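For reference, the chains in residue letters:
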Amino acid sequence: MEQQVFIFDTTLRDGEQVPGCNLNTKEKLALALKLEELGVDIIEAGFPISSPGDFESVEAIAKAVKNATVCGLSRAVQKDIEVAAAALKSAKRPRIHTGIGTSDYHIKAKFNATREEILSRAVQAVKWAKNFVDDVEFYAEDAGRTDNDYLARVVEAVIRAGATVVNIPDTTGYCLPQQYGDKMAYLINNVPNIDKAILSCHCHNDLGLATANSIQGVIAGARQIECTINGLGERAGNTSLEEVVMVLKQHKHLGLYTNINTKLLNPLSREVSDTMRVPVQLNKAIVGANAFSHSSGIHQDGFLKDSQTYEIIDPEEVGAEGSKIVLTARSGRSALAHRFQKIGYSFNRNDIDVLYESFLQVADRKKEVEEDDLHMLAKAYQAEPAIA
Ligand code: KIV
Ligand code: ZN
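Residues numbered from 1 in each chain as written. Chains lettered and ligands numbered in written order. Predicted model: local features only at pLDDT ≥ 70, side-chain atom pairs only at ≥ 80, totals over all residues. Heavy atoms only, no water.

### What to know about the packing of helix α7 (residues 177–190) against helix α8 (residues 210–220)
For any two helices packed against each other, the geometry comes down to the angle between their axes and how far apart the axes lie.
Logical step 1: Interaxial distance between α7 and α8 falls to 8 Å at its minimum, and their mutual angle equals 30°. Relative to α8, the element α7 lies roughly parallel. Crossing geometry of α7 relative to α8 is assigned as right-handed. Packed against α7, whose contacting residues are P177, Q178, Y180, G181, M184, A185 and I188, the element α8 presents A212, N213, Q216, G217 and A220 at the interface. (Axes fitted to C-alpha atoms, helices over the stretch in contact; angles between N-to-C directions. Helix = DSSP H or I, 4+ residues; strand = E, 2+ residues; numbered from the N terminus. Parallel < 35°, antiparallel > 145°, perpendicular 65-115°, else oblique. Left-handed = near helix turned anticlockwise from the far one by under 90°. Contact = heavy atoms within 4.5 Å.)

In structure tokens:
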């Protein structure tokens, strides 16, 4: 039977940490409602103690969101947890996300503490959060570089303290997919009470592996992925929501599904990009402007015969405008004929042979041959077919 992977969206928290992208309450609320419409299971609305503005945003989102769980971040600090609880007061499904660094880098450099002290602080934080909400997620920051034996002890202890979800962040984007999957498998095999909580993947993209690591994590048994629209987030960003959702949808043999309405992926990607003022890179998977563009002659010819030769996703399925046949100096005759036909000219093969030569001259001068150029070529040819 297929199993659900819960989608935990952190666009409004980790995503919003991109320099220059911070959002006001109105903007955050509008995006939260769109995320709910998209079908995300959990919305991480912010870090309430970080500023009065963020408190207000989390509070407003908690009031407005009806179906999704609304989550607030905190450190493993009593005051943080209390403030998060206050911001989430009106939420139908509130979750406090608390945690602490567990790698030796964090334990020594950040906290000047011992492993035992950090373990005890982790347990205290979860117990404190349980006084306010039932649903408590614990994050073991820098779990990607945390010793597995120690990590297993922390995970067991926080679950005993009441954590419902345990987040295993690869905070620095260091892990290889195999390592990250093995870490999840290690926890599943070595934490006696692991069946009492959901394991969560939270991967950063410093080595471009965030999507691969998250997928490896769920293959190994995690059942939640933390991700952001357009992969926005600290430094090189977080796991991109649209990518993990479509990987699971494409690879049905994994037996995993999400509740995301994939037709809304492209419209929401554009809205997040506009609101946060961060353009989406052209070649971004699923939502980039070129994700469904074909420009080389060989690809165009194959695509025009059967779209599946060069497209694994129907653009409609992800709410994209549609496939595009782009005309450049690398394009071929079938693409040229296709584009002429689309704007109302029906040229035969001989016409296209002649037109193709003049097309190449224009294409070598311009990066892309546009509709106006095609009209110009067609008119010239119709006026004097021999020397178009
Ligand atoms: O990357 C990270 O470790 C985080 C935690 C705060 C969950 O964002
Ligand atoms: Zn993060």
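Next comes the rest of the description.
### Considering the packing of helix α2 (residues 52–64) against helix α3 (residues 78–87)
Logical step 1: Where α2 meets α3, the closest approach of the two axes is 8 Å, and the angle between their N-to-C directions is 40°. Taken together, the axes of α2 and α3 lie oblique to each other. Facing F55, V58, E59 and A62 of α2, the residues of α3 in contact are V83, A86 and A87.
Logical step 2: A per-class count over the contact of α2 with α3 returns 6 nonpolar, no polar and 1 charged. (Nonpolar A, V, L, I, M, F, W, Y, C, P; charged D, E, K, R; others polar.)

### Observations concerning the coordination of the zinc ion (ligand 2)
Logical step 1: Looking at the zinc ion (ligand 2), one finds its protein donor set to be D14 (OD), H202 (NE2) and H204 (NE2), positioned 2.0 to 2.1 Å from the metal centre.
Logical step 2: Here the donor residues of the zinc ion (ligand 2) share one chain and are spaced in sequence as D-x187-H-x1-H. Here the residue D14 occupies a position in the loop between β2 (6–9) and α1 (25–38), and H204 occupies one in the loop between β8 (198–203) and α8, the gap between them amounting to 190 residues.
Logical step 3: For D14, a relative accessible area of 2% translates into the label buried. (Donors = N, O, S within 2.8 Å, 3.2 Å for Na, K, Ca; no water. Buried < 20%, exposed > 50% of the residue type's maximum accessible area, 1.4 Å probe, protein only.)

### So, the nonpolar core
The nonpolar side chains of a soluble globular protein tend to be buried with one another.
Logical step 1: The biggest cluster of nonpolar side chains holds 88 residues, and the ones touching the most others in it are L38, F138, V155, V166, I168 and L241.
Logical step 2: Looking at which element gives the most residues to this core, the answer is helix α6 (residues 148–160), with 8 residues.
Logical step 3: Both domain 1 (3–276) and domain 2 (293–383) contribute no fewer than three residues apiece to this core.
Logical step 4: For L38, the contacting residues outside a window of four places in its chain are I229, L241, N259, I260, N261, L264, L265 and L268.
Logical step 5: If you look at the next biggest cluster of nonpolar residues, it comprises 20 residues, including F303, A335, F347 and V369. (Core = buried A, V, L, I, M, F, W, Y, C linked by side-chain atoms within 4.5 Å. Domains from an automatic or database assignment.)

### Quick look at the site of ligand 1
Logical step 1: For ligand 1, the full set of nearby residues is R13, D14, H97, Y139, E141, N167, P169, T171, H202 and H204.
Logical step 2: Contact between ligand 1 and R13: an oxygen atom at 3.0 Å from a side-chain N or O atom of the residue.
Logical step 3: Considering ligand 1 on its own, with 260 Å² of exposed area, one finds that the protein chains cover 92% of that surface.
Logical step 4: Elements represented by at least two residues in the shell around ligand 1 include exactly β6 (135–141) and β7 (165–170).
Logical step 5: Among the residues making up the shell around ligand 1, the classes are represented as 2 nonpolar, 5 polar and 3 charged. (Near = heavy atom within 4 Å. Polar contact = N/O pair within 3.5 Å; in protein donor to acceptor, adjacent residues only side chain to side chain. Areas by Shrake-Rupley, 256 points an atom, 1.4 Å probe, with all protein chains shown as cover.)

### Thoughts on the domain arrangement of the protein
Logical step 1: Splitting the protein by domain gives domain 1 (3–276) and domain 2 (293–383).
Logical step 2: Here the C-alpha centroids of domain 1 and domain 2 sit 44 Å apart.
Logical step 3: If you look at the interface, domain 1 gives 8 residues, while domain 2 gives 7 residues.
Logical step 4: Regarding the contact of domain 1 and domain 2, the summed buried area is about 670 Å², with carbon and sulfur atoms giving 47% of it.
Logical step 5: Taken together, the links from domain 1 to domain 2 amount to 1 salt bridge.
Logical step 6: For the salt bridge of E317 with K249, the shortest nitrogen-to-oxygen distance reads 3.2 Å.
Logical step 7: At the boundary of domain 1 and domain 2, one finds 5 residue pairs in polar contact (both at pLDDT 80 or more).
Logical step 8: Put simply, the parts of the chain that give the side of domain 1 that touches domain 2 at least two residues each are α9 (241–250) and α10 (265–276).
Logical step 9: Here the residues of the side of domain 1 that touches domain 2 are counted per class, giving 3 nonpolar, 3 polar and 2 charged. (Buried area = accessible area lost by both parts, 1.4 Å probe. Salt bridge = Lys/Arg side-chain N within 4 Å of Asp/Glu carboxyl O.)

### Observations concerning unusual backbone geometry
Most of the time, phi is negative for any residue but glycine, and the peptide bond is trans.
Logical step 1: Unlike most non-glycine residues, D142 shows phi in positive territory, near 60°.
Logical step 2: With a relative accessible area of 0%, D142 lands in the buried category.

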